[in-house]
Amino acid sequence: MESTHLLGASKKRVKIHPHTVTAKYATRTPYSPQQPGGHTHFPQPGDEGYDDAPSFEDFGSFLEETSDKKKLTEGKRWPLTLFGSKDKTSSPKPSAAAAGDGGDGGARAAKTPGKGVGEQLASFGEASVSASRLTWVGLLGAAVAHGGLIVLTQVASEHFGLGPMFLLLVRSIFQLFSVVVPLHKGENPFGPEGYRLRLLCYGMAYSLALCCAYSSSSFAASENSASAWRLATTALSAILAFLLLEERMGLADGITLAAGLCGLGLVLLPTVDESNSDSPMDNLVFWKGAFGWSLTALAGLWMALALVGYRSLKDRVGVGTALFTVSWTGCVLAPASLALLQEGWSWPVSVAAWAVVFGLVACSVAAFLGITHALTRIHPALVSASQSLEVPVSMLVHLAMAPSVPTAPEVVGNVMVLLSVGWLVAMKLLPSRVTARRHREEYEEIMDSPIK
């Protein structure tokens, strides 16, 4: 099938073959009124000069050799990958002479770029799936680190007399060494210009959340404060991400999130007999507990604001800079909270106490890195929901250290949390493989089609 039309002062003949499309150009005699009856001649197959016209492949090679084309392509690069940037023009291009050596050579030259694109598409899909897997593995590792953080904080408080706010101050001091990361990269530790105020607000919100959460353990039951804090953070993250960033979740994500929140609610069900609640002492305990739960809810609000805040800064602020910001703001707010709560200073005096402190610092850094890296790819509410795994992890560690019989609501709630997090991870990882395979099949179908 052939079609012809005029393009300025040249003739163009397009030949459509089952596997390739070529365009033939030939010069023609311009129309002149002094030559009446002159007709434009289109060369036919077999005529002299028909095969001398440049093919479509030659035309593409010509474009590659022009300076304008080089100026346009030299500035184009692939987006940043997991290990850095990748040049878009990494594969060598076939020469013009090779493209014009017969029909078979031209067909092979035409098919080679298509094959390269197919390989790049397949490798890009595999890299995307691998990056998602690494992100979720890091997120689950952060949840386990959070569970260890809860246990170590309670051990340090009960066995070594180290207060929660003092532990928070020690954490912040040790984490100040993270300033070497932005300095090594040649970045400003206080953030890029134009984003420092937002980064400061993020650090203050994160540190205030930790201060409120650690302070609440002095007023409410410490074993339930983590569950209440995670429940408030997850629910408020979903709301604030929608209101501030206009990020929505799918129906399946919302159902999974609701199931996890219900599980946390079952864990928080009271199990203490309140038959003597009319006594004055019980009223004092009630209001003290109410203030502790209010601090927990406030901690959830601040943490949700911090997660959403870093989500908006993920393209400008690195993880090392964020960790340093949280560290120095924690060094400022933790002593103020210590003075406000009048909590005494008690330094570790034994090797075991220092081992607990260093383990606490390591768990906090690992948890922060996993969460902050995940915020660059995942919805803040889903990041917080995955950290609900810290509640079953801490319960299992407590049962291993001090065997006891958990209540039925605790067992059912922790099972619901495990199932919701497991289903969320499976739902995020398994469909990605199916999607990549479907895209690959669609691309192969297009490449095998006679019409491109």
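Before going into details, it helps to say that this report is about the structure given with it. In this text the structure is predicted, and so the values were computed from the model without any measurement.

## Comments concerning the pattern of salt bridges
Here's step 1: Per the counting criterion, the structure on display carries four salt bridges.
Here's step 2: Across the pair glutamate 247 and arginine 311 runs a salt bridge whose closest N-O atoms are separated by 3.0 Å. Separated by 64 residues along the polypeptide, glutamate 247 in the loop between α8 (222–244) and α9 (251–267) and arginine 311 in helix α10 (residues 280–313) bring together distant segments of the chain.
Here's step 3: A salt bridge links aspartate 253 to lysine 428; its shortest N-O distance comes to 2.9 Å. Taken together, the residues span a long stretch of sequence, with aspartate 253 in helix α9 and lysine 428 in helix α15 (residues 408–448) at a distance of 175 residues.

## As for a nonpolar patch on the surface
Here's step 1: Residues Ile239, Phe242, Leu243, Leu244, Leu298, Leu301 and Leu305 make up a contiguous nonpolar surface patch of roughly 610 Å² in combined accessible area.
Here's step 2: Elements with a contribution of two residues or more to the nonpolar patch: α8 and α10.
Here's step 3: The dominant element in the nonpolar patch, judged by the number of residues it contributes, is α8, at four residues.
Here's step 4: Locating leucine 243 in the fold gives a position in helix α8.
Here's step 5: A relative accessible area of 57% places leucine 243 in the exposed class.

## Remarks on the side chain of asparagine 224
Here's step 1: By secondary structure assignment, the location of asparagine 224 is in helix α8.
Here's step 2: With sequence-adjacent residues up to four places away left out, asparagine 224 is seen in contact with Val267, Leu268 and Trp293.

## Points about the packing of aromatic side chains
Here's step 1: Scanning the entire structure with this criterion turns up nine aromatic pairs.
Here's step 2: Between phenylalanine 174 and phenylalanine 358 the ring centres are 5.3 Å apart and the planes differ by 70 degrees, which places this aromatic pair in the edge-to-face class. With phenylalanine 174 in helix α5 (residues 164–175) and phenylalanine 358 in helix α12 (residues 351–375), this residue pair connects regions lying 184 residues apart in the sequence.
Here's step 3: Overall, the relative accessible area of 29% leaves phenylalanine 174 in the partly exposed class.
Here's step 4: Ring plane angle 40 degrees and centroid distance 5.6 Å describe the contact between tyrosine 202 and tyrosine 310, whose orientation is recorded as tilted. With tyrosine 202 in helix α7 (residues 196–216) and tyrosine 310 in helix α10, the pair connects residues that are 108 residues apart, well separated along the chain.
Here's step 5: Through pairs of rings, three or more aromatic residues link up here, namely Tyr202, Tyr206, Tyr310 and Phe368.

Calculation criteria
- Residues numbered from 1 in each chain as written.
- Predicted model: local features only at pLDDT ≥ 70, side-chain atom pairs only at ≥ 80, totals over all residues.
- Heavy atoms only, no water.
- Salt bridge = Lys/Arg side-chain N within 4 Å of Asp/Glu carboxyl O.
- Helix = DSSP H or I, 4+ residues; strand = E, 2+ residues; numbered from the N terminus.
- Patch = residues over 30% accessible without salt bridge, like charges linked within 9 Å, V, L, I, M, F, W, Y side chains within 5 Å.
- Areas by Shrake-Rupley, 256 points an atom, 1.4 Å probe, with all protein chains shown as cover.
- Buried < 20%, exposed > 50% of the residue type's maximum accessible area, 1.4 Å probe, protein only.
- Contact = heavy atoms within 4.5 Å.
- Phe/Tyr/Trp six-rings, centres within 6.5 Å; stacked < 30°, edge-to-face > 60°.

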